[in-house]
Amino acid sequence: MENSYNTKQGSLILALLQKQPGRHFTADDIISELAKDGQPVGKATVYRHLDKLIKQGLVRKYIAEEGQSACFEFIDKSGNCESHYHLKCSGCGRLLHVECGYLDELAQHVLEHHGFVISPEKTVLYGMCEKCREALDEE
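Predicted, not measured: the structure shown is a model, and the values here were computed from it.

## Overview of the pairing of strand E3 (residues 85-89)
Right, on to step 1. A large share of E3 lies buried, amounting to 4 of its 5 residues.
Right, on to step 2. Taken together, the 4 bridges between E3 and strand E4 (residues 95-98) define a ladder with antiparallel strand orientation. Bridging across to E4, His86 finds its partner in His97.
Right, on to step 3. For E3 and strand E5 (residues 124-127), the ladder comprises 4 bridges, and the chain directions are parallel. When the sheet's bridge partners are listed, Cys89 is paired in E5 with Gly127.

Right under this line is the structure:
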């Protein structure tokens, strides 16, 4: 049985993720945010609680690239978070999620014409965000 110490930390982690729906957190982001709030939590504890939250269906784990930190995102109970695509900036490394009817149409086309179902929650499109493009233009 979990002691109250672990339950408190698990609640802090879940509350942090819930406060910013749609944001992708790394374990280090979670540690840093909780430390700022005066609630230090160790990395092993964060991963242990994230694993539990994933098994409970409250958090989704994303791995955009091999060798990079996984990201974690709170999933609201309505399940709305399931159908979005990810954009990964090759400049700053930021991972964004996008809900876009056009991409849904693309997925429907791929299904109808190629017999393949795209998993939006695991789909990552690589490119460059607006800020990084502007920075390149200024050089």
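## Side note on the pattern of salt bridges
Right, on to step 1. If you walk through the whole model with that rule in mind, you get 3 salt bridges.
Right, on to step 2. The salt bridge partner of Arg23 is Glu33, with a shortest N-O separation of 3.8 Å. One end of the pair, Arg23, is in the loop between helix H1 (4-19) and helix H2 (27-36); the other, Glu33, is in helix H2, with 10 residues separating them in the sequence.
Right, on to step 3. The salt bridge partner of Lys43 is Asp28, with a shortest N-O separation of 2.9 Å. In this pair, Lys43 sits in helix H3 (residues 43-55) while Asp28 sits in helix H2, placing the two residues 15 residues apart along the sequence.
Right, on to step 4. The exposure class assigned to Lys43 is partly exposed, which follows from its relative accessible area of 40%.
Right, on to step 5. Given the relative accessible area of 41%, Asp28 is considered partly exposed.

## Topic: helix H4 (residues 101-114)
Right, on to step 1. With 14 residues, H4 extends 19 Å from end C-alpha to end C-alpha; this agrees with the ideal 20 Å at 1.5 Å per step.
Right, on to step 2. Considering only its buried residues, H4 is in contact with E3 and E5.
Right, on to step 3. Just beyond H4, the residue with positive phi is Gly115, at close to 65°.

## Quick look at the sheet that holds E5
Right, on to step 1. Spatially, 3 strands are ordered E4-E3-E5 in an open sheet, and the strand pairing comes out mixed. Each of the sheet's edge strands pairs with one partner strand only, and the pair in question is E4 and E5. Between one strand axis and the next, the sheet turns by 30° as a mean value, whatever way the strands run.

## Here we look at H3
Right, on to step 1. Taking 1.5 Å as the rise per residue, H3 with 13 residues should run 18 Å; its terminal C-alpha atoms sit 18 Å apart, in good agreement.
Right, on to step 2. For H3, every residue scored as buried is listed here: Thr45, Val46, His49, Leu50 and Leu53. End-on view of H3: buried residues confined to an arc of 130°, all on one side of the axis. Exposed residues lying more than 90 degrees from the buried face of H3 are Ala44 and Lys55.
Right, on to step 3. Once H3 ends, the next one or two residues include Gly57, with phi positive near 80°.

Definitions and cut-offs
Residues numbered from 1 in each chain as written. Predicted model: local features only at pLDDT ≥ 70, side-chain atom pairs only at ≥ 80, totals over all residues. Heavy atoms only, no water. Buried < 20%, exposed > 50% of the residue type's maximum accessible area, 1.4 Å probe, protein only. Helix = DSSP H or I, 4+ residues; strand = E, 2+ residues; numbered from the N terminus. Pairing = 2+ DSSP bridges. Salt bridge = Lys/Arg side-chain N within 4 Å of Asp/Glu carboxyl O. Expected span 1.5 Å × (residues − 1). Contact = heavy atoms within 4.5 Å. Axes fitted to C-alpha atoms, helices over the stretch in contact; angles between N-to-C directions. Arc of directions from axis to C-beta.

Read these as layout, nothing more, since geometry by itself doesn't imply function.
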